[in-house]
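# Structural characterization, general
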Amino acid sequence: MTWMNRSFAQLAVFTLTGLALGASQHAFAQEDIWPETLAVDLNAEDPEIKEVGELIYKGGVKIRPGEHTIGGISSLEWHDGALWTVSDDGRWMRIVPDEAGAQLVDLTSMDMGTLRDLDGKELKKKELADAEAITRDPDGGWLVAFERDHRIWRYETLDGAASVHDTKATDLLEDAEPNGGLETLTYSIHGLLACGEWTDGDQAQCIFAGSSWSLPNTLTVPSLLAEHGGAPVDASCAENGTCYILFRSYLSGYGNRAAIVSVNGEETTTLAIFDAPLTLDNFEGLAVREHNGRRYLYLASDDNFNNCFEKDRDGCQNTLIMKFEIRQENPPPPPVANAPEPDGTYETTKVILETSMGDITVALETERAPITAANFLRYADEDRFDGTVFYRAMHINWGDQPNGLIQGGTQWDPKRILPGIQHEPTTETGLSHTVGALSMAMGEPGTANGDFSIMLGDQTGLDANPQSDDPVWQNGYAVFGYVTDGMDVVAAIHASPTDPEKGEGVMQGQMLAEPVTIIDVRRLEPRTQ
């Protein structure tokens, strides 16, 4: 059974085991990959250090190449809840971060495919496939810059054929070395910003190029990098026109250095310089993301397909994804994940779910959803939930993050489950699958028993829809309560590592590697007789 979310057009499945993500917006995805990662500190010598310059560290991971040889990342672009990149061997990748609040804790999944030429044939030869920069253009397509055979191609979709892109940005390439072409492409309110990877003061590094105009620029490299031949390698611009430029340098005996500079009109500010003992590698990707009044930067490094994860040896490199928040003098308060208290007009019963990761308090809608709420209370009163687990975390990549749900309960344990209950559609209860909602899992009306889910974001597509031609969605699923305290615990469970091998069908990769124990479920106030 499938359903169409009426707000976001996402396909999903809600079966006896719950809600599962099916097809996504990027229908062209070639391969679905669940990457293996290792968390990294900003400073391995002192993990308590969380800041560098004007940046606050929000977590990072090191990616194992695996059988898909993940690596060669040359640029980053944030779009539609994911990081998009191209690689040195002519591939595109879509990387979905797993975040608890604003903290990057893991990667949910990746998609990967091969870039194509003007005839739609896959790029294979190195001199044609060395992709170094990517950006999304105002018309919804993608621009990709290549070096060796220097050019900029446009893709309507990244799995489709390329077309030639005529832009003044190519003026920068007249004297470019084969391995020193355009490393930076990004759009701002001023037009297309392109930068080349060179430090010759007589040759402009960057250009703002419109359809019929261009403005050459030579950027000042931060001094610590300038002494080692630093050059711009990527950039990304915020909605207000501020652009963030990533510089990188390397010198044998000293290793890598990096810096991030903000440029707004005539004002240039160095936000951060990365030097030992900070976690460093061959940084080549930078993307800006604006969310809930805050501004975040993602960094990515290029391992040049010589990854230390496989064999730690001299000269090896890592594929890193790291996240930072740009410091603000008066930042907005962090988004509140907790669902609002239910309307006091209706009777509710408070229940505590004590888990191995903390307590979750819920208000069961005993007046508006009396059958479903009473069923949950019976499981609680008879200790049928005690010792069960939250076993599943489903991630949805649109909307405010984190988004998706967690699921737990009796898992059809014959010693625990009770007979199925009468279905209470949301059209009758007036409730909805909004953030913090508790919803019963079922196969069809009348089968719900002891498995339930908690929403991390609004999933109103699960509500009953009498206009639907599908009887499943005519009935929808039964909401019977809301979290009133402990959404941070829900988010932490949701952020727990999943096992890419566990689960079946569309649910593969959604099962927690280590399920979270439900220690006790009890009423907040003693039951009245």
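Placed above this text is the structure.
This report concerns the structure included in the present document. Owing to the predicted nature of the structure, the values given are computational and were not obtained by experimental measurement.

## Focus on the pattern of salt bridges
Note on pairing: side chains with opposite charge can pair once their charged atoms come close. Tallied over the full model, the rule gives 25 salt bridges. Between K58 and E325 there is a salt bridge, with the nearest N and O atoms lying 3.7 Å from each other. Within this pair, whereas K58 is found in strand β7 (residues 55-63), its partner E325 is found in strand β26 (residues 320-326), the two being separated by 267 residues in sequence. With a relative accessible area of 17%, K58 lands in the buried category. Here E365 ties to R368 by a salt bridge, and the two come within 3.1 Å at their closest N and O atoms. When salt bridges that share partners are traced, they join E51, E54 and R327 into one network.

## Quick look at the sheet that holds strand β21 (residues 243-251)
Strand order in the open sheet formed by 4 strands is β20-β21-β22-β23, with antiparallel pairing between adjacent strands. Bordering the open sheet on either side are β20 (231-237) and β23 (267-274), each of which pairs with just one other strand. Here the average twist between neighbouring strands, direction ignored, is 25°.

## Some words on the state of the cysteines
Here the structure, examined in full by the defined rule, presents 3 disulfides. The disulfide partner of C237 is C243, and the gap between their sulfur atoms is 2.1 Å. The disulfide joining C237 to C243 has a torsion of about 100° about its S-S bond and is therefore right-handed. No difference in accessibility class separates C237 from C243, as the two residues are buried. Shown here is the disulfide that connects C308 with C316, its sulfur atoms set 2.0 Å apart. Across the S-S bond of C308 and C316 the torsion is about 100°, and the bridge reads as right-handed. Here C308 and C316 have matching classes, each one buried. Numbered in order of appearance, the disulfide-bonded cysteines of the protein chain are paired 1-2, 3-4, 5-6.

## Here we look at the environment of L104
Here L104 lies in strand β11 (residues 103-114). For the pair L104 and F324, spaced 220 residues apart in sequence, the C-alpha to C-alpha distance is 9.3 Å. Apart from the residues within four sequence positions on either side, L104 is in contact with K58, G59, G60, P97, D98, E99, I321, M322 and K323.

## Concerning helix α6 (residues 487-494)
In terms of burial, α6 is largely enclosed, as 6 of its 8 residues are buried. All buried positions along α6 are accounted for by M487, V489, V490, A491, I493 and H494.

## Some words on the pairing of strand β32 (residues 451-455)
Along any regular strand the residues' side chains alternate between the sheet's two faces. In terms of burial, β32 is largely enclosed, as 5 of its 5 residues are buried. Burial of the side chains of β32 extends over both faces: D451, S453 and M455 are buried on one face and F452 and I454 on the other. As paired strands, strand β30 (residues 404-409) and β32 are joined by 5 bridges and run antiparallel to one another. For I406, the partnering residue across the bridge sits in β32 and is I454. Here strand β31 (residues 437-440) runs beside β32; their pairing, made up of 3 bridges, is antiparallel. Across the sheet, L438 pairs through a bridge with I454, a residue of β32.

## Let's talk about the environment of E99
The topology assignment puts E99 in strand β10 (residues 91-100). According to the relative accessible area criterion, E99 is buried, its value standing at 6%. E99 sits 303 residues away from P402 along the chain, and the two C-alpha atoms are 6.1 Å apart. Excluding residues within four positions of it along the chain, E99 makes contact with L104, V105, R289, Y298, K323 and P402.

Reading the values: the criteria
- Residues numbered from 1 in each chain as written.
- Predicted model: local features only at pLDDT ≥ 70, side-chain atom pairs only at ≥ 80, totals over all residues.
- Heavy atoms only, no water.
- Salt bridge = Lys/Arg side-chain N within 4 Å of Asp/Glu carboxyl O.
- Helix = DSSP H or I, 4+ residues; strand = E, 2+ residues; numbered from the N terminus.
- Buried < 20%, exposed > 50% of the residue type's maximum accessible area, 1.4 Å probe, protein only.
- Pairing = 2+ DSSP bridges.
- Axes fitted to C-alpha atoms, helices over the stretch in contact; angles between N-to-C directions.
- Disulfide = S-S within 2.5 Å.
- Contact = heavy atoms within 4.5 Å.

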